[in-house]
Amino acid sequence: MEAVSRTAQWTAAARALETEREDRLFADPYARTVADETGFELLARYDGGGIVPFLAIRTTYLDRAVVRAVEERGIRQVVFLAAGMDTRFFRLPWPDGVTVYELDRPALLEAKAEMLKDEPRPAGRTRITVPVDLTQDWTGPLKEAGWKSEEPVLWVVEGLLFFLPEQAVRTLISTLSAHAAPGSMLLGDVISKSALENPLARAFMKALEEDGNPWLFGTEEPEALLADCGWAVREVRQPGEDGAAFGRWPYPVPARTVPRVPRSFLFTCDLPTYEEETAA
């Protein structure tokens, strides 16, 4: 797999550690399999203080948001962009009739298929992998795979945006809103620019760069970014705040008004209606 794809095994290793805790927030019985030795080697290499608790919180936040979207909003198309070693298709309680699309680079999807080849497919749901390069046209291959742009969709961009330059981030998020039907949602995470410049994270950032996985993008104003790209922001949460703590975040959470603080943000967005757009 490409270097950037191997970071998916790093985050899978963190999910495996959370799963093996007695007070675990979630259970991912597939995480250790897809992490493989590479994931735990990277976890040791990238050991950056708050990374493991953050990954546990991010997984939990998105797990719960995904389940709410399909159960309460009735969305039946879920698209994971840069799906990596995500195993939610296998482990979440999906309603019947959901189709999960996983987009990622061909080599990663092939490796993941080999790792999970003996796992039984849960009944009542469909998983379709779509090999693409997200820097190229990917909506065409997604449509060819069966995705219906006229029906609501749940987009999930987990652990992706900080690997992209700013213009690519804006293009991607705008593409998601432009190709979404009314009732669609967007879930994901992004970091602050200050997180990229944090002196305490220099060794971590250097290791990522040396491995060919530099973090490139951060923003202090995720709400403005998402709104500029066509989304109505329902909530933005920092780890440790209400709705994004789960008893795992060990640090105080500075107010957003405090400048130059490394931050991570978890967000939930809706596609605004025509009335909301015109009112804005």
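Residues numbered from 1 in each chain as written. Predicted model: local features only at pLDDT ≥ 70, side-chain atom pairs only at ≥ 80, totals over all residues. Heavy atoms only, no water.

Participant: Tell me about the pairing of strand β4 (residues 154-157), residues and numbers included.
Facilitator: Neither face of β4 is left uncovered, since the one carrying Leu-154 and Val-156 and the one carrying Trp-155 and Val-157 both have all their residues buried. Relative to β4, strand β1 (residues 77-81) is paired through three bridges, and the arrangement is parallel. Each bridged residue has a counterpart across the sheet, and for Val-79 the counterpart in β4 is Trp-155. In this sheet, strand β5 (residues 185-191) lies alongside β4 in parallel orientation, the contact comprising four bridges. Residue Leu-154 lies in a different strand from β5, and its bridge partner there is Met-185. In terms of handedness, the path from β4 via helix α7 (residues 166-178) over to β5 forms a crossover that is right-handed. (Buried < 20%, exposed > 50% of the residue type's maximum accessible area, 1.4 Å probe, protein only. Helix = DSSP H or I, 4+ residues; strand = E, 2+ residues; numbered from the N terminus. Pairing = 2+ DSSP bridges. Right-handed = clockwise from strand over helix to strand, strands pointing away.)

Participant: Now, about α7: what can you tell me, with residues and values included?
Facilitator: Counting along an α-helix, one turn takes 3.6 residues, and residues three or four places apart therefore face a common direction. With 13 residues, α7 extends 18 Å between its outermost C-alpha atoms, agreeing within 8% with the 18 Å of an ideal straight helix rising 1.5 Å per residue. Taken residue by residue, α7 has Val-169, Leu-172, Ile-173, Thr-175, Leu-176 and Ser-177 as its buried positions. Here the buried face of α7 lies against β1, α6 (139-144), β4, β5 and α10 (222-228). (Expected span 1.5 Å × (residues − 1). Contact = heavy atoms within 4.5 Å.)

Participant: Got a sec to walk through the nonpolar core? Specific residues and values, please.
Facilitator: Ranked by size, the top nonpolar core spans 52 residues in total, and within it Trp-10, Val-78, Trp-94, Leu-154, Phe-204 and Trp-215 carry the most contacts. It is helix α3 (residues 51-72) that contributes the most residues to this core, eleven residues altogether. Not counting chain neighbours up to four residues away, the residues in contact with Trp-94 comprise Val-66, Val-70, Val-78, Phe-80, Arg-88, Phe-89, Val-100 and Arg-125. In this structure, Leu-103, Leu-142, Leu-172 and Leu-225 belong to the second largest nonpolar core, which totals 32 residues. (Core = buried A, V, L, I, M, F, W, Y, C linked by side-chain atoms within 4.5 Å.)

Participant: A description of the pattern of salt bridges should follow, citing residues and the corresponding values.
Facilitator: In the structure shown here, the tally under the stated rule is 23 salt bridges. Note that Asp-270 is salt-bridged to Arg-73, the shortest N-O span being 2.9 Å. Here Asp-270 is found in strand β7 (residues 264-270), whereas its partner Arg-73 is found in the loop between α3 and β1, with 197 residues between them in sequence. A relative accessible area of 38% means that Arg-73 is categorised as partly exposed. Several salt bridges converge on common partners, so that one network encompasses Arg-15, Asp-28, Arg-58, Asp-63, Asp-86, Arg-88, Arg-91, Glu-158 and Asp-189. (Salt bridge = Lys/Arg side-chain N within 4 Å of Asp/Glu carboxyl O.)

Participant: Describe the packing of aromatic side chains, naming the residues involved and giving the relevant values.
Facilitator: Under the counting rule described, the total for this entry stands at twelve aromatic pairs. Taking 5.5 Å as the distance between ring centres and 55 degrees as the angle between the ring planes, the aromatic pair formed by Trp-147 and Trp-155 counts as tilted. Neither Trp-147 nor Trp-155 differs from the other in exposure class; each is buried. If you follow Arg-125 out to its NZ or CZ, it ends over the ring of Phe-89, 6.0 Å from the centre. (Phe/Tyr/Trp six-rings, centres within 6.5 Å; stacked < 30°, edge-to-face > 60°. Lys NZ or Arg CZ within 6 Å of the ring centre and 35° of its normal.)

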